[in-house]
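Each chain, letter by letter, is given below.
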Amino acid sequence: MKNLLVHGANLATVDQGRGRPVLLVHAFPLDHSMWDAQVAALAPRWRMIAPDLRGFGQSQVSEGTVTMEQFADDLAGLLDELGIDEPVVFCGLSMGGYIGWQFYRKYASRVRAMILCDTRAVDDTPEVRAGRKDMIDRVLHEGPEPVAQAMIPKLLAASTIASHPELVAGVRRVILSNAPQGIAAALRGMRDRPDATDLLSQIRCPCLVLVGKFDAISTLEEMRSIAAKIPGAKLVTIAGAGHLTPVEQPTHTTAAMEAFLAGLAETG
Ligand code: MLT
């Protein structure tokens, strides 16, 4: 991994492959490794950039709140540090998608296309905000264990949990390795994020909207409605997956991404 100083913080990133850049933005509370299968499969034709967001994985932890806009600014700074000035394919899952909306609002000219996986455009309801507060208190007092316990049944489909203990263990390991302060800062940022529904009809780049059929956080119905609002967006449903499509169904997810990327390559 490369380590780069971005806006005063050390950020770690995978930078692998050759070709036009694809920026892979991970979900909460994970790190870049959720994209390992896609990086390995697509790096022969695309430059795959998969950072650990501020506060996660090997990147520096910030206390307080990290807003979705600040994460987006970090990503723009990261691309600058990598010398990438051509527009990227922005691929974000869940919190990575929340960051994607802010990235597009601020840096549309740096976006060639978007892959929006298992994400939401609406902001948090009061109930969800209250749940975030509870989780912030718990992670700061008890560490990431209660976060892992609460999140895993929502991140993974029941069938994945039943038949792939190694995937469950891998997701759990990543969650437990993250710093409580980093998890809390992102929870505050997600809690305070603005509603992005108004942005959807203004998006003017090719978009792939991808969702696991059994996603319990960003449901198929909700993702269908996001795709319907983005002009020209294509919706792909991944069978046998919950919220973490790239981890639960790496082959099918990579194939959907590859087909979309190949279509972009044809249009130049
Ligand atoms: C994620 O997968 O990034 C989170 O579940 C998003 C959220 O908690 O809203």
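Presented here is an overview of the structure given in this document. (Residues numbered from 1 in each chain as written. Predicted model: local features only at pLDDT ≥ 70, side-chain atom pairs only at ≥ 80, totals over all residues. Heavy atoms only, no water.)

**Quick word on the side chain of Arg193**
- Take Arg193: it is sitting in the loop between helix H8 (180–191) and helix H9 (197–200).
- For Arg193, a relative accessible area of 5% gives the class buried.
- Within the local environment of Arg193, its side chain forms a polar contact with the side chain of Asp124, the two groups lying 2.6 Å apart.
- Among the polar contacts listed, one links the side chain of Arg193 to the backbone oxygen of Met190, at a separation of 2.9 Å.
- With residues up to four places along the chain from it excluded, the contact list for Arg193 reads Met68, Tyr98, Val122, Asp123, Asp124 and Arg132. (Helix = DSSP H or I, 4+ residues; strand = E, 2+ residues; numbered from the N terminus. Buried < 20%, exposed > 50% of the residue type's maximum accessible area, 1.4 Å probe, protein only. Polar contact = N/O pair within 3.5 Å; in protein donor to acceptor, adjacent residues only side chain to side chain. Contact = heavy atoms within 4.5 Å.)

**Here's the deal with the packing of helix H4 (residues 126–142) against helix H5 (residues 145–155)**
- Two elements in contact, H4 and H5, have axes whose closest approach is 7 Å; the angle formed by their N-to-C orientations is 140°. In terms of their interaxial angle, H4 and H5 are classed as oblique. Between H4, through Met135, Arg138, Val139 and Glu142, and H5, the contact on the second element is made entirely by Pro146, Val147, Ala150 and Met151.
- Classifying every residue of the contact of H4 with H5 gives six nonpolar, no polar and two charged. (Axes fitted to C-alpha atoms, helices over the stretch in contact; angles between N-to-C directions. Parallel < 35°, antiparallel > 145°, perpendicular 65-115°, else oblique. Nonpolar A, V, L, I, M, F, W, Y, C, P; charged D, E, K, R; others polar.)

**Regarding the pairing of strand S1 (residues 2–6)**
- Taken together, the five bridges between S1 and strand S2 (residues 9–16) define a ladder with antiparallel strand orientation. In the strand pairing of S2, Lys2 is matched with Thr13.
- Adjacent in sequence and paired antiparallel, S1 and S2 are bridged by two residues, among which His7 carries a positive phi angle near 45°. (Pairing = 2+ DSSP bridges.)

**A few points about the sheet that holds strand S4 (residues 47–51)**
- Pairing in this open sheet of eight strands is mixed, and the strands run S1-S2-S4-S3-S5-S6-S7-S8 from one edge to the other. Of all the strands in the sheet, just S1 and strand S8 (234–238) have a single pairing partner and so form its edges. Within the sheet, the average angular offset between the axes of one strand and its neighbour, ignoring direction, is 25°.
- Summarising the sheet, strand S5 (residues 88–93) and strand S6 (residues 111–117) pair through six bridges and their orientation is parallel. Paired with Leu93 across the two strands is Cys117, which belongs to S6.
- The strands touched by helix H3 (residues 95–107) within the sheet are strand S3 (21–25), S5 and S6, with S5 carrying the most contacts at an inclination of about 145°.
- Strand contacts of helix H10 (residues 220–229): S6, strand S7 (207–212) and S8, with the helix running at about 175° to S7, the strand carrying the most contacts.

**Structural notes on the pairing of S3**
- Across the five residues that make up S3, a large majority, five, are buried.
- In S3, alternate side chains face the same way, and those of Pro21, Leu23 and Val25 on one face and Val22 and Leu24 on the other are all buried.
- In terms of strand pairing, S3 meets S4 through three bridges, oriented parallel. By the bridge assignment, Leu23 is partnered in S4 with Ile49.
- After leaving S3, the chain enters helix H1 (residues 36–42) and then returns to the sheet as S4, a path that is right-handed.
- Strand direction decides the pairing type here: S3 and S5, joined by four bridges, are parallel. Pairing of Val25 across the sheet is with Gly92, part of S5. (Right-handed = clockwise from strand over helix to strand, strands pointing away.)

**What about the site of the ligand?**
- Close to the ligand lie Ala27, Phe28, Ser94, Met95, Tyr98, Arg132, Met151, Leu155, Met190, Ile217 and His243.
- In this structure, an oxygen atom belonging to the ligand sits 2.9 Å away from a main-chain N or O atom of Met95.
- At a separation of 2.8 Å, an oxygen atom of the ligand approaches a polar side-chain atom of Arg132.
- Within the complex, 94% of the 270 Å² of free accessible area of the ligand lies under protein.
- Among the secondary structure elements, those contributing two or more residues to the shell around the ligand are H3 and H5. (Near = heavy atom within 4 Å. Areas by Shrake-Rupley, 256 points an atom, 1.4 Å probe, with all protein chains shown as cover.)

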